[in-house]
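Now for the letters of each chain:
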Amino acid sequence: MSLRSMDLASLLRRKSLSALSAVLAVVALAVPLSAQALEKVTLQLKHTHQFQFAGYYAALEKGYYRDAGLDVTIAEGHDGNEPERKVIAGEAEYGVGSSSLLLARLAGKPVVVLGVVFQHSPYVLLVRQHNSSPNIHDIKGKRVMIGSLTDELTQADELVAFLKKEGIPMSSLIRVDHSFNPDDFIKGKVDAMSAYVTNEPDYLDRVGFLYDVYSPRSAGIDFYGDNVFTSEKELAQHPERVKAFRTATMRGWQYAMSHQEEIADLILSKYTRRNDRQHLLFEARQMIPLVQPVLVEIGYMNPERWHHIADVYADLGLLPKNANFDGFLYNTGSNRDLTWLYRLLAGAGLLLLLGSLVHFSQLARERQRAQVAIRKGEQRFRTMFEEAPMGIALLQPASGAFKDINSRFAEISGRNASDLRAIHWNDITHPDDVYNETEQMALLKSGKIEGFKTSKRLMRADGSVVWIDASIARMDEEGAEPHLLCMIEDVTEKKKSEALIWQQANFDTLTQLPNRRMFLDRLEHDILKCRRENKRIAILFIDLDHFKEVNDTLGHHQGDVLLVEAARRIRSCVRESDTVARLGGDEFTIILSELEAVARVETIAQKIITELQAPFALGQEQAFVSASIGITIYPDDARDIDDLLKHADQAMYAAKGAGRNRFSYFTPALQTAAINRMRLTNDLRAAVKQNQFALYFQPIVHLETGRVHKAEALIRWLHPQRGIVSPLDFIPLAESTGLIVDIGEWVFREAARWVRKWRDEIDPEFQVSINQSPVEFQRDGRAYDGWFAHLQELGLAGSAMSVEITEGLLLDASRGVQDKLLQMRDAGMQVALDDFGTGYSSLAYLKKFDIDYLKIDRTFVRNLAPDSSDMALSEAIIVMAHKLDLMVIAEGVETAQQRDLLTEAGCDYAQGFLFARPMPGEEFDALLRAQASAEREFALK
């Protein structure tokens, strides 16, 4: 039947229904009153009332159980096994159970699963978050709550299987009886707990507690969640009641999943206020991927999935292999005795025939009048359809193909009617909007909803985009294929206005940066994210120094030009993911989110200060400003947004008070550290000019002979007030400031001076190795030409020097790295790979680059012992190096046992405190001369 004949259908239905109502009334009277009485049954839940059982409440409150002839009592539960006990004992006819029902069945308990509600189990393991690299193995030796210690059939079985598959036996954990209280987890009484992903995470998120989630599904252990079940006795004695209960229950679940907010309000008003509305809706959202109401018919159960669950139980030793569980799954297609129904239908048919004869003559008279009405209705409908001010189209539900289109629809979509009939609804939808509409269309096509409204974009034939508001409704007609009625309205201009209003409400009109409103919104979002990921956020409050003078002297127009340029410079100093905002006037703020290291904040702050120091070109004039920056860190300084901004503002004024053109931390400890670094950096600049450095040497001993004919040069800073400053403290500062290049030049020349002396006076083959920072190594391509020229001036061969580099340098596969290594090779200098085994290099790099020495890192040497893993690793490195024609140097040798083990393993050289600590050049010179004297005396003997 077409849409144009709907008026006729309605007219005929109204006339015939009056007769049919009388007939059905007679039929209803013929049914015995006892058959209409409601049968009382009990459904036993496994926990207290919550959205987890929403479908049962919906079936009861919407009258689905009543329509099925059932008076259902829904009983709360106190533990997961209560439904099983009550149903077996006959105290309840139906229950809600987990996949452990399979264990009960194979233990001889006559339970029958009627249908699956949760296609995936909500059971997960929550683990206290300790670092940014979660590892399930971290729970070994920790206190955990997983199920009950006295009753193992409390759904702990799937987590036990998960941990077993991950290589974590239950014996490696400290089991604590489950309190089901998240506070025990938060307060540190346990480090992990089993939980429902639909429940406890909401509570933990609200208090800001950080945790990691582990699901058995990640290891391929995919159990069913909640299952409706009954007993064999109930099924045998009341098969029709079982069928009616199951049908009404699944209908209730379909309604509940499509009307989540309504059911949440129902639970609060009639069942429990133990949880608030927000929590109930959290449950509902989390249940969607578990129940999968769109993809899978609620109640569907796959025997193969139950076999998978049985196999998991078998691996745990809870079931025999290939166990038979015939009769465990309810057969929804089983035959029933329908004799009574056939008799009832026969009687109804007879009565209906009598009624039809009575009304036949009346219907004949009406038919003629109806045909006239049809023609008028069709004409009226076609006029309304074509002249409607909104676009209207009829679609086929299955394919989305166009069946009919009015002219306004074609105009809005930018296509003619014939073009539209050749394509489908999704073909004109913007690709970014297809996904959002798919779920609603699926619900509509399946009949679970009657219609929906949406805003979306259509792609016109010329490539332009138009925004529409669309209303789509399902139209079902008796005896005809259903179709979708789609009405659209062009709202492009409205969207543009809304976008403009939103832009003006959230962005500064002058600089186009986010304004205060947008800044606060992003800060709140970033705080929530970093709270979950246990990271930090820095807020920088920037005030331009001397900006008022620019406004007063050059005018507000030029001041605006300066603000736009300042905004651009500030934005260039941060990542795209960071937020730069203008709060008003000459005040800017920055959100540096997801900080890995606080030291990065200083680098950015200093970069901003440097950028803003450059002159601003304002017409024929130049203006100079600087910046005072206040820095505060979340969560170190505060967890509240207002406090964070107040602290950043205070820190900014502290920077101004200290002389401007600088940054200041709010945190006293960080502020002190920043001052110390600033002072140390200033002192370091002076140290280069005032020659405050000294070169120490540590001998590298040839293990086979015990001779020292190599040494590593190590720099020391002889600070006039602080004494000897460790390289660990000042080398990072030297790298960040660029002073490392000048320091490296000094080290090279000083080392060359000493090696020239020792080659002339002690050992003509003596060699000194120097460390190269990655910053030094990545200089201009010809940076080492000065080194080679200096060696020639001293008459030294390149082999007198060895350069130690880190593995990280080899990750840079640029031509610059390769060229510099080749330059060294051509000059005769040797290269040692320092800290081998702790970085990221591979055998491919050793083969690709010219390396002469591998230095085994002290972390391997420290715990050397016979048959230890460190010994095995060291031996492997030595064998590999020798196969590649490389020499091996072991660092950090402190005991005779370490020396002997390395010697036995074939290691070539070693250095460490066992032989000597690093010492000044004069002392090392004396050590070499003593060695040479001893060798001469031994030769004379």
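What you see is a predicted model, and the numbers here were worked out from it, not measured in a lab.

Draft legend 1. Expanded view of the nonpolar core. Counting 98 residues, the largest nonpolar core has L43, Y56, L125, L163 and W306 as the members making the most contacts within it. In contact with L163, not counting residues within four places along its chain, are L125, I136, I139, I146, I168, M170 and L173. By size, the runner-up hydrophobic cluster in this structure holds 74 residues, among which are W754, F836, L864 and C907.

Draft legend 2. Main features of the confidence of the model for the protein chain. This prediction gives the protein chain a mean pLDDT of 83; 86% of its residues lie at or above 70. Mean pLDDT across the secondary structure elements of the protein chain bottoms out at helix α1 (residues 6-30), with 37, and peaks at strand β31 (residues 909-910), with 96. Within the model, pLDDT remains below 50 along residues 1-35, and this stretch shows 35 contacts once partners closer than five positions in the same chain are excluded. Low pLDDT (under 50) marks residues 334-346, which in the prediction has six contacts with non-local residues, meaning those over four places away or in another chain.

Draft legend 3. Expanded view of the pairing of strand β23 (residues 693-702). The buried count for β23 comes to ten of ten residues, which makes it a mostly enclosed element. Neither face of β23 is exposed, since F693, L695, F697, P699 and V701 on one face and A694, Y696, Q698, I700 and H702 on the opposite face are all buried. Bridge count between β23 and strand β24 (residues 708-719): nine bridges; the pairing is antiparallel. Looking at the pairing, L695 lines up with I715 of β24. Once β23 ends, the chain turns through five residues before running back antiparallel as β24, passing G706 with a positive phi of about 80 degrees. Sheet topology note: the β23/β31 ladder contains two bridges and is antiparallel. Looking at β31, one finds that V701 is bridged to A910.

Draft legend 4. Expanded view of the sheet that holds strand β10 (residues 227-231). Reading across the sheet, the five strands line up as β2-β1-β3-β10-β4 and stay open at both edges, with mixed pairing between neighbours. Edge strands, defined here as strands with exactly one partner in the open sheet, are β2 (70-75) and β4 (111-116). The sheet shows a mean angle of 30 degrees between the axes of neighbouring strands, direction not considered. Here β4 pairs with β10 via five bridges, running antiparallel. What sits directly across from G115, in β10, is V228. Lying on the sheet, helix α5 (residues 82-89) is in contact with β1 (39-44), β3 (94-97), β4 and β10; it crosses β10 at an angle near 25 degrees.

Draft legend 5. Broad picture of the packing of helix α12 (residues 260-270) against helix α13 (residues 277-291). Running from amino to carboxyl end, α12 crosses α13 at an angle of 135 degrees, the nearest separation of the two axes being 10 Å. The angle between α12 and α13 places the two elements in the oblique class. For α12 against α13, the interelement crossing comes out right-handed. Touching Q260, E261, A264, D265, I267 and L268 of α12 are R277, L280, L281, A284, R285 and I288, all from α13. Classifying every residue of the contact of α12 with α13 by side-chain character gives seven nonpolar, one polar and four charged.

Draft legend 6. Spotlight on the pattern of salt bridges. Enumeration according to the criterion identifies 47 salt bridges in this entry. Residue K189 is joined to D184 by a salt bridge in which the shortest nitrogen-to-oxygen separation is 3.5 Å. For K189, a relative accessible area of 48% corresponds to the partly exposed category. Taking the shortest distance from any N to any O, the salt bridge between R457 and D433 comes out at 3.0 Å. You can see R457 sitting in strand β13 (residues 451-459) and its partner D433 sitting in helix α18 (residues 431-446), a full 24 residues away along the chain. When sorted by exposure, R457 lands in the same class as D433, which is buried. Overlapping salt bridges bring together E712, E804, K855 and E891 as one network.

Draft legend 7. Spatial organisation of the packing of aromatic side chains. Inspection of every chain in the model, using the stated rule, returns 30 aromatic pairs. Measuring from ring centre to ring centre gives 6.0 Å for F325 and F328, while their planes differ by 85 degrees; the resulting arrangement is edge-to-face. You can call F328 buried: its relative accessible area is 0%. Put simply, the rings of F697, W754, W758, F766 and F924 touch in pairs and so form one group of aromatic residues. Here the basic side chain of R305 rests over the ring of Y224, its NZ or CZ set 4.1 Å away from the ring centre. Residue placement shows K495 over the ring face of W467; its charged tip is 4.5 Å from the ring centre.

Rules of the game
Residues numbered from 1 in each chain as written. Predicted model: local features only at pLDDT ≥ 70, side-chain atom pairs only at ≥ 80, totals over all residues. Heavy atoms only, no water. Core = buried A, V, L, I, M, F, W, Y, C linked by side-chain atoms within 4.5 Å. Buried < 20%, exposed > 50% of the residue type's maximum accessible area, 1.4 Å probe, protein only. Contact = heavy atoms within 4.5 Å. pLDDT = per-residue confidence, 0-100. Helix = DSSP H or I, 4+ residues; strand = E, 2+ residues; numbered from the N terminus. Pairing = 2+ DSSP bridges. Axes fitted to C-alpha atoms, helices over the stretch in contact; angles between N-to-C directions. Parallel < 35°, antiparallel > 145°, perpendicular 65-115°, else oblique. Left-handed = near helix turned anticlockwise from the far one by under 90°. Nonpolar A, V, L, I, M, F, W, Y, C, P; charged D, E, K, R; others polar. Salt bridge = Lys/Arg side-chain N within 4 Å of Asp/Glu carboxyl O. Phe/Tyr/Trp six-rings, centres within 6.5 Å; stacked < 30°, edge-to-face > 60°. Lys NZ or Arg CZ within 6 Å of the ring centre and 35° of its normal.

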